[in-house]
Amino acid sequence: MTNAVDLTALEEELKADISGAQSLHALEDVRVATLGKKGRVSALMQTLGKLPPDERKAFGQSVNGVKTRVSEALDARKATLEAAALELRLATERADVTLPVRLGPEAEGRIHPVSQAMEELAEIFADMGFSVAEGPDIETDDNNFTKLNIPEEHPARQDQDTFYFHPNSDGERLVLRTHTSSVQIRTMLRQKPPIRIIAPGRVYRSDSDQTHTPMFHQIEALVIDEETHMGHLKWTLEEMFRAFFEVDEVTMRLRSSFFPFTEPSAEIDLAADVIGKPGQWLEIGGCGMVHPNVLRNCGIDPERYQGFAFGMGIDRMAMLKYGLPDLRDFFSGDMRWLKHYGFSVLDMPSLAGGLSS
Ligand code: PHE
């Protein structure tokens, strides 16, 4: 049986090729040359038909045996090569996470105190179950005023020193939003109660002096549910201030006031001890229970639902927390100021790790 001798030699040769393959790629070439459609073992199978019938069976079995053993050798070699490749990757891609952070250009950049304050507040409110809502800076008159229960001729429109756009082709007059309260409307039109959102962002009023800039930042909060009351509002404010200023106690005062979109309404004052003015109060924002007309304007039944809203000046909060005396510096783009008062890009505010460490 000359064929049997040939097969043994062939098997030896193929096994040598397999163990000689130094990469997965080389091994794949061997596999194709052996078991592929035109491979050497497959070619032998095709010669079966030309053999005398009495030799066919034995030869077929022998070739099949070779095929099985070669195939096993291929699998084994593949597993070895794969394990080696993984070892190599693990060795070369090792990262020592205990090394200090390399100070590249990223560490040169600074987070603006206003961005920092927004991040911190978002973190605090996320912990209380609020999500972040957004609205555009360019707002419709309807969202900024009318739906907030401020009709066309209401004096509040003058109070706010609004920047108006020229009327568009439909005669509609857009505004630069004068407060983030417009996001209350957008949220209530889109979402059914219960609602619990904050909306930080830029607002604009034609007003400029030491403590006023034509663009500044507010953070709005809105909670609508069936049993939400003033007590919840006050607790939420206190919790937020304690977390934000990173102190155990905050002296806060709600001073009766008026906003068309809340009833009752109050101004939020903070004791100014923190900034070295004992006995004085600092106005930090407005708040109140959402006016039934506002709920109705947004398709929410005021007989069933009620809730609170507040809006606060983020820049003022940042001034108080970080001890920044002049609001105008915030927006002057002075790199020295930013280097001094800015925050590291690498520090993410978190309640567990410290808000502004
Ligand atoms: N929008 C008001 C302002 O900008 C603040 C406010 C918000 C008051 C929500 C009450 C409720 O002055």
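So, here is what we can say about the structure in this document. Predicted model only: the values in this text are computed from it and were never measured.

Procedures and definitions
Residues numbered from 1 in each chain as written. Predicted model: local features only at pLDDT ≥ 70, side-chain atom pairs only at ≥ 80, totals over all residues. Heavy atoms only, no water. Helix = DSSP H or I, 4+ residues; strand = E, 2+ residues; numbered from the N terminus. Rg over C-alpha atoms; globule rule 2.2 N^0.38 Å. Buried < 20%, exposed > 50% of the residue type's maximum accessible area, 1.4 Å probe, protein only. Contact = heavy atoms within 4.5 Å. Pairing = 2+ DSSP bridges. Axes fitted to C-alpha atoms, helices over the stretch in contact; angles between N-to-C directions. Parallel < 35°, antiparallel > 145°, perpendicular 65-115°, else oblique. Nonpolar A, V, L, I, M, F, W, Y, C, P; charged D, E, K, R; others polar. Near = heavy atom within 4 Å. Polar contact = N/O pair within 3.5 Å; in protein donor to acceptor, adjacent residues only side chain to side chain. Patch = residues over 30% accessible without salt bridge, like charges linked within 9 Å, V, L, I, M, F, W, Y side chains within 5 Å. Areas by Shrake-Rupley, 256 points an atom, 1.4 Å probe, with all protein chains shown as cover. Salt bridge = Lys/Arg side-chain N within 4 Å of Asp/Glu carboxyl O. Core = buried A, V, L, I, M, F, W, Y, C linked by side-chain atoms within 4.5 Å. Phe/Tyr/Trp six-rings, centres within 6.5 Å; stacked < 30°, edge-to-face > 60°. Lys NZ or Arg CZ within 6 Å of the ring centre and 35° of its normal.

1. Considering the overall build of the chain
Helix and strand content of the chain: 12 helices and 11 strands. A globule of 357 residues ought to have a C-alpha radius of gyration of about 21 Å, yet the chain, at 37 Å, is considerably larger. Seen through its C-alpha atoms, the chain measures out along the principal axes to roughly 110 × 50 × 45 Å. Expressed as a percentage of the 357 residues in the chain, the buried residues total 41%. Relative to all contacts within the chain whose residues are 6 or more apart in sequence, the contacts with residues 24 or more apart total 66%.

2. Thoughts on the pairing of strand 5 (residues 195-204)
Within strand 5, eight of the 10 residues are buried, which leaves the element mostly enclosed by the surrounding structure. With two bridges connecting them, strand 2 (residues 131-132) and strand 5 associate as parallel partners. Among the inter-strand pairings, Ser 131 is bridged to a residue of strand 5, identified as Ile 197.

3. Focus: the packing of helix 2 (residues 24-35) against helix 4 (residues 53-92)
When two helices pack together, their arrangement is given by the angle between their axes and by how far apart the axes lie. Put simply, helix 2 and helix 4 touch, their axes get as near as 10 Å, and they point 170° apart. The orientation of helix 2 with respect to helix 4, classified from their angle, is roughly antiparallel. The segment helix 2 lies against helix 4, with Leu 24, Leu 27, Arg 31, Thr 34 and Leu 35 engaging Lys 67, Val 70, Ser 71, Leu 74, Arg 77, Lys 78, Leu 81 and Glu 82. Grouping the amino acids of the contact of helix 2 with helix 4 by side-chain chemistry returns six nonpolar, two polar and five charged.

4. Thoughts on the site of the ligand
As a matter of local geometry, the ligand sits amid 14 residues, with His 179, Ser 181, Arg 205, Gln 218 and Glu 220 nearest to it. Taking Arg 205, its side chain carries an N or O atom lying 2.9 Å from an oxygen atom of the ligand. Here the shell around the ligand gets three residues from one element, more than from any other, and that element is strand 10 (residues 306-313). Taken together, the residues of the shell around the ligand break down into five nonpolar, seven polar and two charged.

5. Some words on the pairing of strand 6 (residues 215-225)
Where a strand is regular, its side chains alternate between the two sheet faces. Here strand 6 lies mainly inside the structure; 10 of its 11 residues are buried. As paired elements, strand 5 and strand 6 share 10 bridges and run antiparallel to each other. When the sheet's bridge partners are listed, Arg 202 is paired in strand 6 with His 217. Two strands pair when backbone bridges link them, and strand 6 and strand 10 are joined in this way by eight bridges, in the antiparallel orientation. Across the sheet, the residue bridging to Gln 218 is Gly 313, located in strand 10.

6. Some details on a nonpolar patch on the surface
A cluster of nonpolar side chains, namely Val 101, Leu 103, Val 345 and Leu 346, defines an oily patch on the protein surface of about 410 Å² accessible area. Here Val 345 is to be found in the segment after strand 11 (343-344). For Val 345, a relative accessible area of 37% translates into the label partly exposed.

7. A closer look at unusual backbone geometry
Cis geometry marks the peptide bond from Pro 193 to Pro 194, where omega comes out at 0°. For Pro 194, the location among the structural elements is in the loop between helix 8 (181-190) and strand 5. Here the residue pair Glu 263 and Pro 264 is connected by a cis peptide bond, since its omega of -5° sits within 30 degrees of zero. Considering the arrangement of structural elements, one finds Pro 264 in strand 8 (residues 262-271). Phi is positive for Asn 149, close to 70°, though the residue is something other than glycine. Inspection of the secondary structure puts Asn 149 in the loop between helix 6 (141-144) and helix 7 (156-159). Unusually for a residue other than glycine, Glu 246 sits at a positive phi of about 55°. Along the chain, the position of Glu 246 falls in the loop between helix 9 (230-245) and strand 7 (252-259). On the basis of relative accessibility, which here comes to 41%, the residue Glu 246 falls in the partly exposed class.

8. As for the nonpolar core
In this structure, Phe 125, Leu 237, Met 240, Phe 241, Ile 268, Phe 310 and Met 312 are the most contacted members of the largest nonpolar core, which totals 43 residues. Breaking this core down by element, the ones donating at least two residues are helix 5 (113-127), strand 6, helix 9, strand 8, strand 9 (281-290), strand 10, helix 11 (314-322) and helix 12 (335-341). Counting 23 residues, the second largest nonpolar core, distinct from the first, contains Phe 145, Val 175, Ile 224 and Phe 259.

9. A few points about the packing of aromatic side chains
Scanning all chains against the criterion turns up 10 aromatic pairs. Ring centres of Phe 125 and Phe 310 lie 6.1 Å apart, and the angle between their planes is 40°; on these two criteria the pair is classed as tilted. Highlighted residues: Phe 125 in helix 5 and Phe 310 in strand 10, separated in sequence by 185 residues. The same class applies to Phe 125 as to Phe 310, namely buried. Arranged with centres 6.3 Å apart and planes meeting at 10°, the rings of Phe 308 and Phe 310 form a pair that is stacked. For the pair formed by Phe 308 and Phe 310, the shared burial category is buried. Taken together, Phe 125, Phe 130, Phe 308 and Phe 310 form an aromatic cluster joined through their ring pairs. We note Lys 321 situated over the ring of Phe 244; from NZ or CZ to the ring centre the distance is 4.8 Å.

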